[in-house]
Amino acid sequence: MSTDPETTETSPSEDTGTDAAGGAEGAGTDVTSDAGEGTEGTGEETAAEGAEGAAAEGTESTGEDAAAEGTGDAKADAAAPELSEAAAELLAQRLERERIERRKAEKAGPIAAGTKLSGTAADLLAAVRAVESGEKPVTTPFAKPDPAPRRSATPEAVRRPQPVAADPGAPATETVESVRRVLAEGGAPETLAAQVAAALGEGADDRLREDPWQLLRVPGVRPEQADGFARALLGAECAPDDERRGRAVTTWLLEQAALAGHTALDASALTAALAKQGVPDPDAATQSAIAEGEVLVFQDALDEPAVPVQRTDEETEEAQERPVRVLIGLERYTLAEESLADGLAKLINSVPKEDGSAADWEQAGAAKGSTGELIRAVAGHGLVLHTGGEASLEEPAALLRAAAGFGLRAWAAAHSPVGRDRFAALLAGSGAGSASDGPGVPASTAPGGPGSDAPRDPATDGSAPDGPGSADGPRATTLAGLLSGAEGPGRDADGALDLDLLVVLDAPQLDVETAALLSESLPDGARLVLAGDPAVLWSAGPGRVFADLLASKACPQVVSRRPDLGPVGELVSGIGIGELNQVEAPGKEVVIVPVRDAGEAVHRTVQLVADSVPRVIGVPSEQTVVITPGHGGAAGTRALNVALKERLNPGPGRFGGFDPGDRIAYSPTPGRTIPGRVVNADAEGLHLACAGGPVVVPKERVEQAVRHGWALTAHQAVGARWPAVVVVLPGDAAQALSRPWVYTAFSRADRHLSVVHGVDQALPRAVAEVPAKPRTTRLPVLLRPQVPVEA
């Protein structure tokens, strides 16, 4: 590695060697951060300690990214063949809401015993019932189904009508106006009217007047603010022990826990958090919320101790009932997690269709190393997990090419348009290496290609209208576009995705709602591969689907043996196992830039992006991204973006703070970030050129949905890579650092990594001692009884 110990502007070529773990002498000076902002928060970095802390203190810390990135809707171009990324996200969310409603309706009706079973289990139950009734079983439970006919690689898919970008569920103008009057009467900001109307639905004004604490359903509103609103409306009737307040605060705490990644909370943690919020009787508030159906309660059996415990006869009798933990969660997430468990169990217990011949799979599975292991595992199983870094992506690419070669409809889905385009290059054969486990070559980092944040031009890059790739081979899409129907294979006559094999990339980014919708969308007999790097940050939404599946060992797992090469790859590999090693970087691939304070960190960052990296490394500024732990603070994304704009694209910011040419980070929904640039602005809104295509953000949504994008947080950067990355670690960020954060930030670099280092020993300590913060989920418990023991 190299270091730049001088405080003057010097290039990496003038640096001398140092140990990254040693830090910089004199570094680590604390810098006061912006009040209420601090560091990035989506659960891992700034969620309060444990489930109780996450529930009690989560709004500003855990929700900051989601609230700031917003939920901006993009207006779709009527003449465009595809929906915008925002429209795809909105449609996917609507489909998820409809699915939840169907699940609720199903749960409300009678359930016949055995109706949850499928496959061999269902056949066995039918056979038992037939024997009990004296009838002869129609089929043998263990008989294998006839092989399905071989299918063409390019069948005619039945596509759903393409929806418009406008949300048909938007509240009526009259409803918004009536809510506005109630807000004004209670002294609340009238700008919340549309959000309140959308959250409470028809009759929102009456509901809000009857229960002012319903204001807590609006993201960003805190209990003390809702209390003030309630006092203004209710007067003397407003009291801390009001049942309405207890129920509303209970729901709010669970929403904050979801922002920290939990799908449910332990009952004791929830009651403790309620007490901290001034609820006099937390148990009564919880029971009231359960009775009103606003939250659900579960009793999950705890695991038996691994080592048998010697008990007396009395103790044995008392222990016959297994201990349980009581969890409380919001219906939205608990139903999604149950649906996901059902879908995954169906995949695990099913036998994939024999679309290709056994000889085809056997021949493809003869590939060397972990590529062959992956193909052989997919040949015989409906669900397979694949883990590895960036270089390992060649293995699922080889799998998809092989499957398409013998007639399967094979698709890949990535977290972001940038990830989709990078993987499309691998599918086309221009990516990293061959199908064996040999060394790989990084994908193209030319402007507009994989690794660049310049927008893709379908007219010039050979992409198919429904996704990059060959028309008769495997293709890639974004996960949001796949689920919404805006891109990808479309759906068949039964409403299932029209495919045989799906590889989901960036699998750690799957939250429970998206994963549930995906599992329900797969056709019978399809194969699903979840591929990703388990060391990166988890999803912005609740759940830890990929990690829970890996821990459950319910399906085959293939670990790639293809390492990420080069100094950056070596450094990141060490971080993954908790070691911050010094690496040799003869070509200045890794550079350490020690700084004393936040002001110097901003100065050196601008110098690196605008001068040193382009001049010495050969990577232009537009292909370099800055990553820092949070939005606030003297060296957060806001401060860094102001300094970088002034140097790289100065202007008056006449379009809501933006000028043509500004790099931006566009968030169509919370937790999703798409890089792009500002084109212009007009009466329609702010026109952007993003990695997923052109986007128009209405002016009223710009503040929520668009940020400057020279500097990002690690959560915003996950799922994408750039030729050069500058990671900024100011002194006030020490408490926010963890091994997953450092791993994610450092691994975004393809060719060059500069670390602006101001946290002294906090960096090696975070890598060695601070793992991902735990999340409370029910998926392992739900999966346990549904998968075969031998799995």
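The rules behind the values
Along each chain, residue indices are assigned from 1 in the same order as the chain's sequence is written. Restriction of local features to residues with pLDDT of at least 70 applies here, the model being predicted, together with a cutoff of 80 or more for giving and counting side-chain atom pairs; totals for whole chains, interfaces and linings are based on all residues. Computation of side-chain values: all heavy atoms of the structure, hydrogens and water removed. Runs of E in the DSSP output that reach at least two residues are strands. Runs of H or I that reach at least four are helices, and both are numbered from the N terminus. A simple rule labels every residue: compare its accessible area, found with a 1.4 Å probe on the protein chains alone, to the largest value its type can have, and call it buried under 20%, exposed over 50%, or partly exposed in between. It only takes one pair of heavy atoms within 4.5 Å for two residues to be counted as in contact. Each accessible area is a Shrake-Rupley estimate made with a 1.4 Å probe; only the visible protein chains count as cover when residues are assessed. In this analysis, strands are considered paired if DSSP registers two or more bridges between them. Each patch is built from residues lacking any salt bridge and having more than 30% relative accessible area; the joining distance is 9 Å for like charges and 5 Å for nonpolar side chains (Val, Leu, Ile, Met, Phe, Trp, Tyr). Throughout this description, the term salt bridge denotes a Lys or Arg side-chain nitrogen within 4 Å of a carboxyl oxygen of Asp or Glu. Working definition: rings of Phe, Tyr and Trp (its six-membered ring) pair if their centres are within 6.5 Å, and the pair is stacked with planes under 30 degrees apart, edge-to-face with planes over 60 apart, and tilted otherwise. Think of it as a cone above the ring: NZ of Lys or CZ of Arg counts as a charge over the ring if it is within 6 Å of the ring centre and within 35 degrees of the ring normal. In this analysis an axis means a line fitted to C-alpha atoms, helices contributing only their contacting stretch, and an angle means the value between N-to-C directions, from 0 to 180 degrees. Orientation is classified from the angle alone, with under 35 degrees giving roughly parallel, over 145 giving roughly antiparallel, 65 to 115 giving roughly perpendicular, and any other angle giving oblique. Take the far helix as your reference; a near helix turned counterclockwise from it by less than a right angle gives a left-handed crossing, and one turned clockwise gives a right-handed crossing. We call Asp, Glu, Lys and Arg charged. Ala, Val, Leu, Ile, Met, Phe, Trp, Tyr, Cys and Pro are nonpolar, and the rest, Gly among them, are polar. Whenever two N or O atoms come within 3.5 Å, that pair is a polar contact, provided that in protein one can donate a hydrogen and the other can accept it, and provided that, for residues adjacent in sequence, both atoms are side-chain atoms. For every residue, the predictor states its confidence as a pLDDT score lying anywhere from 0 to 100.

Caption draft 1: Structural context of the overall build of the protein chain. Within the protein chain, the secondary structure is distributed over 29 helices and 20 strands. Looking at the protein chain as a whole, 55% of its 791 residues are labelled buried. If you take every contact in the protein chain between residues at least 6 apart in sequence, the share linking residues at least 24 apart comes to 76%. With the model as given, the accessible surface of the protein chain reaches about 32,600 Å², and the carbon-plus-sulfur share is 52%.

Caption draft 2: Spotlight on the pairing of strand β9 (residues 527–532). Where burial is concerned, most of β9 is hidden: six out of the six residues are buried. Taking every second residue as pointing to the same face, both faces of β9 are buried, with R527, V529 and A531 on one and L528, L530 and G532 on the other. Looking at chain direction, strand β5 (residues 383–387) and β9 are connected through five bridges and run parallel. Counterpart to T387 in the pairing with β9 is G532. For strand β8 (residues 501–504) and β9, the ladder comprises four bridges, and the chain directions are parallel.

Caption draft 3: Molecular detail of a nonpolar patch on the surface. A cluster of nonpolar side chains, contributed by V297, V324 and V326, occupies part of the molecular surface with about 190 Å² of accessible area. In this structure, V324 sits in strand β4 (residues 324–330). For V324, a relative accessible area of 41% puts it in the partly exposed group.

Caption draft 4: Layout of the packing of aromatic side chains. Under the counting rule described, the total for this entry stands at one aromatic pair. Measuring from centroid to centroid gives 4.9 Å for W361 and F406, while their planes differ by 70 degrees, and the two rings are edge-to-face. Placement of W361 in helix α14 (residues 358–364) and of F406 in the loop between α16 (394–405) and β6 (410–414) is noted, with a sequence separation of 45 residues between them. By relative accessible area, F406 is classed as buried at 6%. Over the ring of F655 we find R654; its NZ or CZ atom is 5.0 Å from the centre of that ring. Against the face of F298 rests R778, its NZ or CZ located 3.9 Å from the ring centre.

Caption draft 5: Main features of the sheet that holds strand β10 (residues 557–559). Strand order in the open sheet made by the six strands is β7-β6-β8-β9-β5-β10, with parallel pairing throughout. Only two strands of the sheet have a single partner each, and these edge strands are β7 (475–478) and β10. Averaged over all pairs of adjacent strands, the angle between their axes in this sheet comes to 20 degrees, without regard to strand direction. As judged from the four bridges shared by β6 and β7, these two strands associate in the parallel manner. In the sheet register, A414 faces β7, and the bridge partner there is T478. Sheet strands touched by helix α15 (residues 369–380): β5, β8, β9 and β10. Its angle to β10, the strand with the most contacts, is close to 170 degrees.

Caption draft 6: Examining α15 more closely. Of the residues making up α15, those classed as buried are S370, T371, G372, L374, I375, A377 and V378. The secondary structure elements touched by the buried residues of α15 are α14, β5, α16, β8, β9 and β10.

Caption draft 7: Local environment of the pattern of salt bridges. Going through the model one piece at a time under the given rule, you end up with 28 salt bridges. As a salt-bridge pair, R778 and D300 come within 3.0 Å of each other at their nearest N and O atoms. Of this pair, R778 sits in the loop between α28 (762–769) and α29 (779–783) while D300 sits in strand β3 (residues 295–301); the two residues are 478 residues apart in sequence, bridging distant segments of the chain. Note on accessibility: R778 and D300 belong to one class, buried.

Caption draft 8: The sheet that holds strand β15 (residues 685–690), seen in detail. If you trace the five strands from one edge of the open sheet to the other, you get β16-β15-β14-β13-β17, paired in antiparallel fashion. Each having just a single partner strand, β16 (693–697) and β17 (706–708) make up the two edges of the open sheet. Averaged over all adjacent pairs, the angle separating strand axes in this sheet is 40 degrees, with direction ignored. Taken together, the five bridges between β15 and β16 define a ladder with antiparallel strand orientation. Among the inter-strand pairings, H687 is bridged to a residue of β16, identified as V696.

Caption draft 9: How the structure looks around the packing of α15 against α16. Two elements in contact, α15 and α16, have axes whose closest approach is 9 Å; the angle formed by their N-to-C orientations is 50 degrees. Taken as axis vectors, α15 and α16 run oblique relative to one another. Considering how the two elements wind past one another, α15 and α16 form a crossing that is right-handed. Between α15 and α16, the contacting residues are S370, T371, L374, I375 and V378 on the first element and E395, P396, A398 and L399 on the second. Here the residues of the contact of α15 with α16 sort into six nonpolar, two polar and one charged.

Caption draft 10: Representation of the packing of helix α5 (residues 173–185) against helix α6 (residues 193–200). At their nearest, the axes of α5 and α6 sit 8 Å apart, and the two run at 115 degrees to each other. Taken together, the axes of α5 and α6 are roughly perpendicular relative to one another. For the pair α5 and α6, the crossing hand works out as right-handed. The residues of α6 that touch α5, namely those facing T175, V176, V179, R180 and L183, are A193, A194, V196 and A197. Of the residues in the contact of α5 with α6, the class split is seven nonpolar, one polar and one charged.

Caption draft 11: Here's a closer look at helix α10 (residues 267–276). When α10 is considered as a whole, its buried residues turn out to be A267, A269, L270, T271, A273 and L274. Positive backbone phi, approximately 80 degrees, marks G278, located one or two places after α10.

Caption draft 12: Spotlight on the pairing of β15. Of all six residues in β15, six are buried, a share of seventy percent or more. Looking at chain direction, strand β14 (residues 674–682) and β15 are connected through six bridges and run antiparallel. Counted as the bridge partner of A681 is L686 from β15. Between β14 and β15, which follow one another and run antiparallel, lie two residues. In textbook terms, the turn of a hairpin is the stretch between consecutive antiparallel strands, and for β15 and β16 this stretch comprises two residues.

Caption draft 13: Main features of the side chain of R707. For R707, the location among the structural elements is in strand β17. At 3.4 Å, the side chain of R707 forms a polar contact with the side chain of H631.

Caption draft 14: Representation of the confidence of the model for the protein chain within the structure. Averaged over the protein chain, the pLDDT score is 79; the fraction of residues at 70 or greater is 70%. Helix α18 (residues 458–461) is the least confidently modelled element of the protein chain, averaging 33 in pLDDT, while strand β12 (residues 624–627) averages 98, the highest of any element. Within the model, pLDDT remains below 50 along residues 305–309, and this stretch shows zero contacts once partners closer than five positions in the same chain are excluded.

Caption draft 15: Region of interest: the side chain of T478. Considering the arrangement of structural elements, one finds T478 in strand β7. Here T478 falls in the buried class, since its relative accessible area comes to 0%. Reaching out from T478, the side chain makes a polar contact with the backbone nitrogen of G481 at a distance of 3.1 Å.

Caption draft 16: Just unusual backbone geometry, in detail. Positive phi values are uncommon outside glycine, yet D506 reaches one of about 55 degrees. Structurally, D506 can be placed in the loop between β8 and α20 (512–521). For D506, a relative accessible area of 23% translates into the label partly exposed. A positive phi angle, close to 60 degrees, is found at K588, a residue other than glycine. Among the secondary structure elements, K588 is positioned in the loop between α22 (566–576) and β11 (590–594).

Caption draft 17: Spatial organisation of the environment of A639. Summarising the element assignment, A639 is placed in helix α24 (residues 637–648). Here the alpha-carbon distance between A639 and A711, two residues 72 residues apart in the chain, equals 9.1 Å.

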